[in-house]
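Tertiary structure, described
Here is how the chains run, residue by residue.
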Amino acid sequence: MQGFEPLTVPSEKNGALDLGFVECEGGVCAAAGMAASGVSAGFRKNPNRRDLALVVADQACTCAATFTQNRFCAAPVQVSRERAKSGVARAVVLNSGNANAATGEAGLKTALESAEIVASALGCDPEQVLVASTGVIGLQLSTEHFLTGVPLAVHALAHEAEGAHNAALAVMTTDTHPKECAVQGQVGGRTIHVGGFVKGSGMIQPNMATMLAVLSTDAPLSAQAAHSMLLAAVRHSFNKVTVDSDTSTNDSCFLFATGAAGGEEICEGSQAYEAVAAAVRYVCDDLARNIAADGEGSTKLVTVDVLGAANDQDADTVARAIANSPLVKTAIFGHDANWGRVAAAAGKCGVPFDQQQVDIDLLGVPVCRGGLDVPMDEQDMLRRFQDDEVSIVINLGMGQAHTRIWTCDLTHDYVTINGDYRT
């Protein structure tokens, strides 16, 4: 390392853990008052694969949501976005295998009818049922499989971890495994849980949330508190993930707050709000990292830290330029410590900086100082590449702003997966 010390990255405080929260079982059902299921309804050709998930609160409760900013947004996004404005919901039904995107009025009709099918089975107002879909774009989605699958899903609803796990399985597309997380802790003398699941592996640069995510808590949140803490968590977690720089037509993220933990309503500005918000952030961070680690065909989780930027926007722009660079991502796949690709990616994105002030570390090793090469031990770097995680840190020397982006390497399998995704 020629006498150079590695760059110091600001610690990402595990706020929830610092406040006494601990990880627990249960996923989206960890929160009291939540049930879930996942069944095979026939949306997919494989009859043994779960493809319909149902997440239900015991009673209509506070609900917040965020959605894709892609202008080609899917029918279920259009329906759920409008219904989420009320701040109240009872359930969300999610199908995989068909995105119900680019399907016009017929797609909107199907989204509305699927919610009515769920509402009829649960005995609730259809306006309290949200909908989400994922899969192939441009195919009409029939209500046939909802008619047969929803009764199965309602019958299978469970408040335990098994129900949550089956729901997480049912929303998977090219994901290699379900992604779940839950925490519990004491807030104002009551035990609070936050949990959830997410699906996402490709077409990931969220620009709001992620592919599909359902979160829950038994904290008694006001509608505004739920909305504010969800937006804050999404901004620092799901919106900091990129696999391939593509934003889906179907991105949706829901947060149910049942209030089953009891006590006074939690509003913004209180200590209780800060504690629950930290727990929501922790769960979202964990799920976001899992998306990047499970990127289509990936072999490495890559963390990109940009230090010393003039402002947050500059830091984010540079981080995304590096994280989305095919040359950087393929070099990582090839175990090539080619820091020049990192420098080039940072330099192309329009953010002003003086190259003579730039420092770069790869895998915790100084490889560039003051814009110049630092000799490295190639064999040592190859050994470091054996780890499942790869770190890239760049200091622009322009200020104090810092951001972190999670991504993955780019492999032959990414091309294989996406070359025949539709067929």
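An account of the accompanying structure is given in this report.

Thresholds, definitions, all that
- Residues numbered from 1 in each chain as written.
- Predicted model: local features only at pLDDT ≥ 70, side-chain atom pairs only at ≥ 80, totals over all residues.
- Heavy atoms only, no water.
- Helix = DSSP H or I, 4+ residues; strand = E, 2+ residues; numbered from the N terminus.
- Expected span 1.5 Å × (residues − 1).
- Buried < 20%, exposed > 50% of the residue type's maximum accessible area, 1.4 Å probe, protein only.
- Contact = heavy atoms within 4.5 Å.
- Polar contact = N/O pair within 3.5 Å; in protein donor to acceptor, adjacent residues only side chain to side chain.
- Salt bridge = Lys/Arg side-chain N within 4 Å of Asp/Glu carboxyl O.

**Here we look at unusual backbone geometry**
Even without a glycine there, the phi angle at asparagine 100 is positive, about 50°. Relative to the elements of secondary structure, asparagine 100 occurs in the loop between β4 (88-98) and α3 (104-122). Positive phi values are uncommon outside glycine, yet alanine 102 reaches one of about 60°.

**Remarks on helix α8 (residues 312-323)**
In this model α8 runs 16 Å from its N-terminal to its C-terminal C-alpha over 12 residues, within 8% of the 16 Å that 1.5 Å per residue would give. Burial runs high along α8: 9 of the 12 residues are buried. All buried positions along α8 are accounted for by Asp314, Ala315, Asp316, Val318, Ala319, Arg320, Ala321, Ile322 and Ala323. Looking at the packing, one finds that the buried side of α8 touches β10 (301-309), α9 (326-333), α10 (339-348), β14 (389-395) and β15 (401-408). Sitting at the head of α8, asparagine 311 places a side-chain oxygen 3.2 Å from the backbone nitrogen of glutamine 313.

**A few points about the pattern of salt bridges**
Within the structure shown, the criterion is met by 12 salt bridges. Two residues, arginine 83 and glutamate 127, come together in a salt bridge whose shortest N-O distance is 3.6 Å. Here arginine 83, found in helix α2 (residues 75-84), pairs with glutamate 127, found in the loop between α3 and β5 (129-136); they are 44 residues apart in sequence, far enough to count as distant. Residue classification places arginine 83 among the buried residues on the basis of a relative accessible area of 8%.

**Some details on the environment of leucine 94**
Mapped onto the fold, leucine 94 is located in strand β4. Leucine 94 gets classed as buried once you look at its relative accessible area, which sits at 0%. When the C-alpha positions of leucine 94 and leucine 157 are compared, they lie 14 Å apart, and in sequence the two are 63 residues distant. In this structure, leucine 94 is in contact with Asp51, Leu52, Ala53, Val55, Ala132, Val171, Leu212 and Val214, ignoring residues within four places of it in sequence.

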